[in-house]
Amino acid sequence: MSRSGWITVAACALVLLALDVLLPRVLNPYYATIVIRIGIAVIAAVSLQLVNGFTGQFSIGHAGFMAVGAYVSAAFSVYVGAGWLEAFAAVLPGPLARVAYYPMALAAGGVAAAVAGLVVGIPALRLRGDYLAIATLGFAEVIRIAILNVDAVGGARGFSVAAADHPGADLRFEGFGTVYAVALVTIVVISRLVYSSGGLSFRAVREDEVAAASIGVPATRVKVEAFVVASFFAGVAGALFAHSEGYVHTNSFAFLRSFELVVFVVLGGLGSITGAVLAAAVLTAAPELLRGLGEWRMVLYSLLLIVTMLVRPQGLLGTRELGFDWLRRRLG
Amino acid sequence: MALLEIENLTVRFGGLTSISKLDLAVESGAIVALIGPNGAGKTTAFNVVTGVYEPTEGSVRFEGRQIGGRPPHAISQLGIARTFQNVRLFRGLTAIENVRAALAAARRSGSADVLRPPRWRRREAELNEQARSLLERLGLAREADAAAGGLPYGEQRLLEIARAIATRPRLLLLDEPAAGMNPSEKQALRELVARLREEFGLSIVLIEHDVRFVMDLCERVTVLDHGEKIAEGPPDTVRRDPRVIEAYLGTGGGAA
Ligand SMILES: Nc1ncnc2c1ncn2[C@@H]1O[C@H](COP(=O)(O)OP(=O)(O)OP(=O)(O)O)[C@@H](O)[C@H]1O
Ligand SMILES: [Mg+2]
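This one's a predicted model, so the numbers in the text were calculated from it and none came from an experiment. (Residues numbered from 1 in each chain as written. Chains lettered and ligands numbered in written order. Predicted model: local features only at pLDDT ≥ 70, side-chain atom pairs only at ≥ 80, totals over all residues. Heavy atoms only, no water.)

K.L.:
When you look at the overall build of chain B in this model, what are you seeing that I'm missing?
P.N.:
What chain B contains, in helices and strands, is 10 helices and 10 strands. The C-alpha radius of gyration computed for chain B amounts to 19 Å, which stays within 12% of the reference 18 Å derived for 256 residues, consistent with globular compactness. Every one of the 256 residues in chain B was classed for burial, and the buried ones make up 54%. If you sum the accessible surface of chain B, you get close to 11200 Å²; carbon and sulfur atoms cover 48% of it. (Helix = DSSP H or I, 4+ residues; strand = E, 2+ residues; numbered from the N terminus. Rg over C-alpha atoms; globule rule 2.2 N^0.38 Å. Buried < 20%, exposed > 50% of the residue type's maximum accessible area, 1.4 Å probe, protein only. Areas by Shrake-Rupley, 256 points an atom, 1.4 Å probe, with all protein chains shown as cover.)

K.L.:
I tried to follow the packing of aromatic side chains on my own but got confused; where do I start?
P.N.:
The relative placement of two aromatic rings is captured by the distance of their centres and the angle of their planes. Under the counting rule described, the total for this entry stands at 11 aromatic pairs over all chains. Measuring from centroid to centroid gives 6.1 Å for Phe255 of chain A and Phe259 of chain A, while their planes differ by 35°, and the two rings are tilted. Within this pair, Phe255 of chain A and its partner Phe259 of chain A are both found in helix α10 (residues 255–268), separated by 4 residues, close to a single helical turn. With relative accessibility at 36%, the residue Phe255 of chain A sits in the partly exposed group. Ring pairs connect the aromatic residues Phe65, Phe139 and Phe227 of chain A, which therefore count as one cluster. Positioned above the aromatic ring of Phe84 of chain B, the side-chain terminus of Arg88 of chain B is 5.6 Å from the ring centre. Above the plane of the ring of Phe90 of chain B lies Arg163 of chain B, whose end atom (NZ or CZ) is 4.6 Å from the centre. (Phe/Tyr/Trp six-rings, centres within 6.5 Å; stacked < 30°, edge-to-face > 60°. Lys NZ or Arg CZ within 6 Å of the ring centre and 35° of its normal.)

K.L.:
Mind showing me how you'd approach the site of ligand 1 here?
P.N.:
Residues and elements named next belong to chain B. With respect to spatial proximity, 14 residues lie near ligand 1, and among them Ser18, Lys42, Thr43, Thr44 and Gln85 are the closest. Residue Lys42 places a side-chain N or O atom 2.8 Å away from an oxygen atom belonging to ligand 1. Burial of ligand 1 by the protein chains amounts to 66% of its free accessible area of 630 Å². Contributing elements (two or more residues each) for the shell around ligand 1: β2 (16–26) and α1 (42–49). Taken together, the residues of the shell around ligand 1 sort by class into 4 nonpolar, 8 polar and 2 charged. (Near = heavy atom within 4 Å. Polar contact = N/O pair within 3.5 Å; in protein donor to acceptor, adjacent residues only side chain to side chain. Nonpolar A, V, L, I, M, F, W, Y, C, P; charged D, E, K, R; others polar.)

K.L.:
What's the story with the sheet that holds strand β1 (residues 4–13) of chain B in this structure? I'm lost.
P.N.:
Sheet strands line up and pair through hydrogen bonds in the backbone, either parallel or antiparallel. All names here are of chain B. Pairing within the open sheet is antiparallel, and its 4 strands lie in the order β2-β1-β4-β5. One side of each edge strand has no neighbouring strand; the edge strands of this open sheet are β2 and β5 (65–66). Bridge count between β1 and strand β4 (residues 57–62): 5 bridges; the pairing is antiparallel. Bridging across to β4, Glu5 finds its partner in Arg61. (Pairing = 2+ DSSP bridges.)

K.L.:
What is the right way to look at the confidence of the model for chain B in this model?
P.N.:
If pLDDT is low for a region, its predicted coordinates should not be looked at in detail. Residues and elements named next belong to chain B. When pLDDT is averaged along chain B, the result is 92; 97% of the residues meet or exceed 70. Within chain B, the lowest mean pLDDT, 80, falls on helix α8 (residues 211–214), and the highest, 98, falls on strand β6 (residues 80–82). Counted against residues more than four places away or in other chains, residues 252–256, with its pLDDT under 50, gives 9 contacts. Interface scoring of the predicted complex returns ipTM 0.93; its pTM is 0.92. (pLDDT = per-residue confidence, 0-100. Contact = heavy atoms within 4.5 Å.)

K.L.:
Help me understand the nonpolar core in this model?
P.N.:
Across soluble globular proteins, you tend to see nonpolar side chains buried next to one another. Counting 163 residues, the largest nonpolar core has Leu240 and Phe253 of chain A together with Val99, Leu138, Leu159, Leu189 and Leu206 of chain B as the members making the most contacts within it. Leave out the neighbours within four places in its chain, and Val99 of chain B touches Ala131, Leu134, Leu135, Leu159, Ala162, Arg163 and Ala166 of chain B. Within the second largest apolar cluster, 28 residues are counted, among which are Ala40, Phe62, Leu78 and Leu173 of chain B. (Core = buried A, V, L, I, M, F, W, Y, C linked by side-chain atoms within 4.5 Å.)

K.L.:
Just checking my understanding: could you explain α1 of chain B for this structure?
P.N.:
Residue and element names in this part refer to chain B. In terms of burial, α1 is a largely internal element, 7 of the 8 residues being buried. What α1 keeps buried is the set Lys42, Thr44, Ala45, Phe46, Asn47, Val48 and Val49. Where α1 ends, the next residue or the one after it, Gly51, has phi of about 85°, a positive value.

K.L.:
It is not clear to me how the interface of chain A and chain B should be interpreted in this structure. Could you clarify?
P.N.:
Facing the 30 residues of chain A at the interface are 30 residues of chain B. Contact between chain A and chain B buries roughly 2600 Å² in total, counting both sides, with carbon and sulfur atoms accounting for 58%. On the surface where chain A and chain B come into contact, there are 3 salt bridges. Across the pair Asp208 of chain A and Arg88 of chain B runs a salt bridge whose closest N-O atoms are separated by 2.8 Å. At the junction of chain A with chain B, the criterion picks out 13 residue pairs in polar contact (both at pLDDT 80 or more). When contributions to the side of chain A that touches chain B are tallied by element, the ones reaching two or more residues are α6 (176–194), α7 (200–207), α8 (209–214) and α9 (219–245) of chain A. Take the side of chain A that touches chain B: its biggest share by element is 7 residues, from α7 of chain A. Across the side of chain A that touches chain B, the residue classes break down as 14 nonpolar, 9 polar and 7 charged. (Buried area = accessible area lost by both parts, 1.4 Å probe. Salt bridge = Lys/Arg side-chain N within 4 Å of Asp/Glu carboxyl O.)

K.L.:
Looking at this structure, I do not really get the pairing of strand β3 (residues 31–35) of chain B. What am I missing?
P.N.:
On a regular strand, one side chain projects to one face of the sheet and the next to the other, so that they alternate. All names here are of chain B. In terms of residue burial, β3 counts as a mostly covered element, since 5 of its 5 residues are buried. Neither face of β3 is open: one carries Ile31, Ala33 and Ile35, the other Val32 and Leu34, and all of them are buried. By the bridge criterion, 5 bridges tie β3 to strand β8 (residues 203–208) in an arrangement that is parallel. Bridging from a neighbouring strand, Ile31 pairs with Ile204 of β8. Sheet topology places β3 next to strand β9 (residues 220–225); 4 bridges connect them, and they run parallel. Paired with Leu34 across the two strands is Thr222, which belongs to β9.

K.L.:
Looking at this model, I keep getting lost on the coordination of the magnesium ion (ligand 2). Mind explaining?
P.N.:
In ideal tetrahedral geometry, four donors around a metal make angles of 109.5 degrees, whereas ideal octahedral geometry with six donors gives angles of 90 or 180 degrees. All names here are of chain B. Taken together, Thr43 (OG1) and Gln85 (OE1) make up the full set of protein donors to the magnesium ion (ligand 2), lying 1.9 to 2.1 Å away. Taken together, the residues span a long stretch of sequence, with Thr43 in helix α1 and Gln85 in the loop between β6 and α3 (95–104) at a distance of 42 residues. Of the residues examined, Gln85 reaches a relative accessible area of 30% and is grouped as partly exposed. (Donors = N, O, S within 2.8 Å, 3.2 Å for Na, K, Ca; no water.)

K.L.:
Please explain the packing of helix α3 (residues 62–91) of chain A against helix α4 (residues 94–126) of chain A as it appears in this structure.
P.N.:
Two numbers describe a pair of packed helices, the interaxial angle and the distance between the axes. All names here are of chain A. Two numbers describe how α3 lies on α4: the axes approach to 8 Å, and their chain directions differ by 150°. The angle between the axes of α3 and α4 places the two elements in the roughly antiparallel class. Judged by the twist between their axes, the crossing of α3 over α4 is right-handed. (Axes fitted to C-alpha atoms, helices over the stretch in contact; angles between N-to-C directions. Parallel < 35°, antiparallel > 145°, perpendicular 65-115°, else oblique. Left-handed = near helix turned anticlockwise from the far one by under 90°.)

K.L.:
What is the right way to read the side chain of Thr284 of chain A from this model?
P.N.:
Residue and element names in this part refer to chain A. With respect to the helices and strands, Thr284 occurs in helix α11 (residues 273–289). Within polar-contact distance, the side chain of Thr284 engages the backbone oxygen of Ala280 at 2.5 Å. In this structure, Thr284 is in contact with Arg37, Ile38, Ala41, Phe264 and Ala279, ignoring residues within four places of it in sequence.

K.L.:
What am I meant to see in the sheet that holds β3 of chain B here?
P.N.:
Residues and elements named next belong to chain B. With mixed pairing, the 6 strands of this open sheet are ordered in space as β6-β7-β8-β3-β9-β10. Lying at the two open borders of the sheet, with one neighbouring strand each, are β6 and β10 (228–233). Ignoring strand direction, the axes of neighbouring strands in this sheet form an average angle of 20°. Where β9 meets β10, 5 bridges bridge the pair, whose relative direction is antiparallel. Residue pairing for β10: Thr222 is matched across the bridge by Glu232.

So, in structure tokens, the structure goes:
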């Protein structure tokens, strides 16, 4: 990395650290939770954008991969990691012990979801058309129902991310720093992946699969790559969700959640990373701030979708990026 | 050994025979034409050579290698590029992105794209430079940053050729590159094709309806009708061949 690159990373780290320390002091816990959820929604939406927006596939079960990440990382923490965290905490100061531990929990969730993505993606993406939509939809439901029947992760009761036999290990973390650092990494990784000459393969497949193959793009492989990367980050988002809420239940990963994520990417503009970020942030915050709407949220989303489709069929930003050249100069 | 050797090729779709027992050889460095009336099987032949369709029978060899039935991206990587009869650009990408995609397709590295070491930067700059110079050679330099889907039809056809050449092929297949062009544009295209062959050391097969178009451009012409080869040879001889004249008159497409 260049010198300006390192300076950027250092600046980001400082800002995140300041946020980490400051926000809990100025925000009440309710708003703090919303801010965290926005970060998680951003990670999930940006990763889905790689598949639906840049590669032109239609996945409508992204929450299924969040579920895999959430439960696997939670189980990892409870059954394996808690002991390590306790051991770390005994020799390291609290925050450092966490810094040493949490990447492992997140990676466990991400890798598990990526493997699930590979298993679902390979058969579904070989075929053209809507098979992926059907496969992802089915997968998300199957996973949800499977989890409900696994007692080790609480089954229908939900799963508490706490290990009773390791009192020295606080598995929850509500750090803004962590969530937003991961969100930033997600955005940087995915935008670098797609905004490069090699990354044009994703958009080539979206635009015309036959033409893409004619210039040497292995279309199926490119689609599977996009899908596995997206699944990984969805898993990480799920892992963050599990550890920040401290409790997971399959209800959080039902079809409504998958649908919400599709709304984020369509509304933000298929093929726009900043569009997905914007839509995820606004649409995560809005319903929380407009409580009382309850189930009407669904109606609101549908209406929003319809209205956007009529007024801006290409989504908020289309395929453009908000201030992306600026960002790219800093991060590139 | 010829660069491309098609032997006894038959392609059937259900009961319909699109190509029947076709033999065709393309020598290295040659420009040959594939002509014939509508539905003769010309595009089907391209689709088999580029892996879009599998041969029902017979063999397709490129540089001595059997390629019939391999997937299209693998065949592209072996050195065969093509354009499409109904232009298939990446319409939502810019002209230069269309070319860069083709330059980079066969050698992608996701980890390099994400980590972006100095070597990645150099290569990226190189690809950009190459893409620009290719566009320049096809007279598209000014359109580099325009959306491909918004270009005038003639320029879209040229961009498709640029994109095909960007894969560094040894064999280039052009499916009706002159379609919809007026006589002066056709003349310019003829000169361009001849020049591209020299500059890039290409062998070229082009599909065309009009025998006159290929007269001084191609050394050899192969004529298909109803999936069968009915004539082959220098353009001069072929256009006088009674079977060729009949094939065209018979379908009402009086182009010969
Ligand atoms: N995928 C397919 N499925 C069924 N039939 C096909 C398919 N592709 C081509 N054909 C048929 O094969 C025959 C030859 O078609 P082809 O497109 O090769 O003709 P062509 O010589 O390129 O004609 P044109 O000059 O109109 O482009 C036609 O009858 C066509 O309908
Ligand atoms: Mg044709």
